[in-house]
Amino acid sequence: MKLLIVGKPGAGKGTQASMIDSYYHIPHISTGALFREAIANKTPLGVTAKSYIDKGDLVPDEITIGLVEERLLKDDCKHSFLLDGFPRNEFQAEALDKFLEKQNLKLDYVLNVDVPDEILIKRIVGRRVCEKCGETFNLTFNPPKRDGLCDKCGSKLLHRSDDKEETFKNRLFVYEKSTAPLIEYYENRGILKTINGDQKLDDVFNDVKALLDNLEA
């Protein structure tokens, strides 16, 4: 399976992507995780990316495209992958199409996790992210088993600066301007599958499984 998962910031696409990875053993390629690693290591790329992310803006296309293409060339992505956080605009989508075509590959499905804005704003104040592995939790909807600690690796959970309400509203604005057109882009290609993200996590994933099991069949 070659998949892409999209949705507004805070819609839960990262959590669903992790669940897909665990259940189907598909490489989960999160641009957020790739950038967090660069930021943690304070590489030149990481420092530059952080200046954009902290303001709720998008990292420049040329940086993101190169990073993702490099990851997709690794052996574990030859037969399956799940892209999370890329592409974020039509320019990136076209670049991805050209790259996949050169590799004789194509996307099977684009999963769109759909959640209303008012629900997202309520969710975001409770979101926490592991400082080490990037696993995502929510104090209300998906709390960690141990307060302030990641279930996956035991590291400290952080409230990201870009998850503050004012910054988050700017992220929604940026999404509507740059990323929302991707919905139409992939819908026109007949591979967009919209999932109701305003449900319990397991219910959302059951809807995802219904689609992917059909694809595997």
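Up top you'll find the structure we're talking about.
Residues numbered from 1 in each chain as written. Predicted model: local features only at pLDDT ≥ 70, side-chain atom pairs only at ≥ 80, totals over all residues. Heavy atoms only, no water.

(A) Examining a negative patch on the surface more closely. The grouping of Glu90, Glu94, Glu184 and Glu187 at the surface amounts to a negative patch. Of all the secondary structure elements, the ones that give two or more residues to the negative patch are helix H5 (90–102) and helix H8 (181–188). By the element assignment, Glu184 lies in helix H8. Owing to a relative accessible area of 52%, Glu184 belongs among the exposed residues under this scheme. (Patch = residues over 30% accessible without salt bridge, like charges linked within 9 Å, V, L, I, M, F, W, Y side chains within 5 Å. Areas by Shrake-Rupley, 256 points an atom, 1.4 Å probe, with all protein chains shown as cover. Salt bridge = Lys/Arg side-chain N within 4 Å of Asp/Glu carboxyl O. Lys, Arg positive; Asp, Glu negative; His and termini not counted. Charge placed at Lys NZ, Arg CZ, Asp CG, Glu CD. Helix = DSSP H or I, 4+ residues; strand = E, 2+ residues; numbered from the N terminus. Buried < 20%, exposed > 50% of the residue type's maximum accessible area, 1.4 Å probe, protein only.)

(B) Broad picture of the packing of helix H7 (residues 165–179) against H8. Packing of H7 against H8 brings their axes to within 6 Å, and their N-to-C directions diverge by 35°. Contact residues: Tyr175, Glu176, Lys177, Ser178 and Thr179 in H7; Pro181, Leu182 and Ile183 in H8. Along the lines of polarity and charge, the residues of the contact of H7 with H8 split into four nonpolar, two polar and two charged. (Axes fitted to C-alpha atoms, helices over the stretch in contact; angles between N-to-C directions. Contact = heavy atoms within 4.5 Å. Nonpolar A, V, L, I, M, F, W, Y, C, P; charged D, E, K, R; others polar.)

(C) Up close: unusual backbone geometry. Pro87 follows Phe86 through a cis peptide bond whose omega is 0°. Relative to the elements of secondary structure, Pro87 occurs in the loop between strand S3 (81–84) and H5. In the Ramachandran plot, Asn104 falls in the positive-phi region, its phi being about 60° despite a non-glycine side chain. Within the element layout of this structure, Asn104 appears in the loop between H5 and strand S4 (109–114).

(D) How the structure looks around the packing of aromatic side chains. With the rule as written, the count across this model stands at three aromatic pairs. A ring pair is formed by Tyr23 and Phe205, whose centres lie 5.8 Å apart and whose planes are at 80°; its orientation type is edge-to-face. You can see Tyr23 sitting in helix H1 (residues 13–24) and its partner Phe205 sitting in helix H9 (residues 201–216), a full 182 residues away along the chain. Overall, the relative accessible area of 7% leaves Phe205 in the buried class. Consider the rings of Tyr185 and Tyr186, whose centres lie 5.0 Å apart with planes at 90°: the pair is edge-to-face. The pair Tyr185 / Tyr186 is uniform in exposure class, with both members buried. Site record: aromatic cluster; members linked through ring pairs are Tyr23, Tyr24 and Phe205. Here the basic side chain of Lys55 rests over the ring of Tyr52, its NZ or CZ set 5.8 Å away from the ring centre. (Phe/Tyr/Trp six-rings, centres within 6.5 Å; stacked < 30°, edge-to-face > 60°. Lys NZ or Arg CZ within 6 Å of the ring centre and 35° of its normal.)

(E) Here's a closer look at the side chain of Lys209. In this fold, Lys209 is placed in helix H9. Ignoring sequence-local partners within four residues, the contact set of Lys209 consists of Tyr23 and Tyr24.

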